[in-house]
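# Secondary and tertiary structure notes
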Amino acid sequence: MDTLQLAIDLIMEWIWIILPLFILQLVLFIAALVSILRKDVTGTEKLPWILLSLFANTFGPIIYFIFGSGYLDRKSAERENRE
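Residues numbered from 1 in each chain as written. Predicted model: local features only at pLDDT ≥ 70, side-chain atom pairs only at ≥ 80, totals over all residues. Heavy atoms only, no water.

### Examining the packing of helix α1 (residues 2-38) against helix α3 (residues 59-82)
Where α1 meets α3, the axes come as close as 10 Å, and the angle between the chain directions of the two elements is 10 degrees. As the angle between them shows, α1 and α3 are arranged roughly parallel. Here L28, F29, A31, A32, S35 and I36 of α1 come into contact with α3, specifically with P61, I62, Y64, F65 and L72. (Axes fitted to C-alpha atoms, helices over the stretch in contact; angles between N-to-C directions. Helix = DSSP H or I, 4+ residues; strand = E, 2+ residues; numbered from the N terminus. Parallel < 35°, antiparallel > 145°, perpendicular 65-115°, else oblique. Contact = heavy atoms within 4.5 Å.)

### Details of the environment of G60
With respect to the helices and strands, G60 occurs in helix α3. Classification of G60 as buried rests on a relative accessible area of 0%. Each C-alpha atom, one on G60 and one on F29, is 8.0 Å from the other, the two residues being 31 residues apart in sequence. (Buried < 20%, exposed > 50% of the residue type's maximum accessible area, 1.4 Å probe, protein only.)

### Examining the environment of I15
One can find I15 in helix α1. Given a relative accessible area of 28%, I15 falls into the partly exposed group. Once the C-alpha coordinates of I15 and R79 are considered, the two residues, 64 residues apart in sequence, prove to be 47 Å apart.

### Re the packing of α1 against helix α2 (residues 43-55)
As a packed pair, α1 and α2 sit with axes 10 Å apart at the nearest point and diverge in direction by 175 degrees. When the axes of α1 and α2 are compared, the pair comes out roughly antiparallel. Of α2, the residues touching α1 (which contributes F29, A32, L33, I36 and L37) are K46, W49, I50, S53 and L54. Among the residues making up the contact of α1 with α2, the classes are represented as 8 nonpolar, 1 polar and 1 charged. (Nonpolar A, V, L, I, M, F, W, Y, C, P; charged D, E, K, R; others polar.)

### A few points about the pattern of salt bridges
Any two side chains of opposite charge can pair, on the condition that their charged atoms come close. Summed over all chains, the structure comprises 2 salt bridges. Across the pair K39 and D73 runs a salt bridge whose closest N-O atoms are separated by 2.6 Å. On the criterion of sequence distance, the pair formed by K39 in the loop between α1 and α2 and D73 in helix α3 is long-range, its members being 34 residues apart. D73 gets classed as partly exposed once you look at its relative accessible area, which sits at 39%. (Salt bridge = Lys/Arg side-chain N within 4 Å of Asp/Glu carboxyl O.)

### A closer look at the side chain of S69
By the element assignment, S69 lies in helix α3. When neighbours within four sequence positions are excluded, S69 is seen to be in contact with K39 and Y64.

Below you can see the structure in the form of structure tokens.
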């Protein structure tokens, strides 16, 4: 029982650091996913950004918002101009 109590104490000590980071990561991913899915571009242009946001954890959505959002906006404008 001593080992179990030690593990629980360790988890409770670190939960206050891990939980906010997990929530931040989840919120960033959901915001990036909603933004990507709302863009009027083809699925093949969206897929790399979705995968980056999913697998690069916290930094993937940040990279998308810095670089990808403008890229998809330009692609969407080009598509509208062709139609």
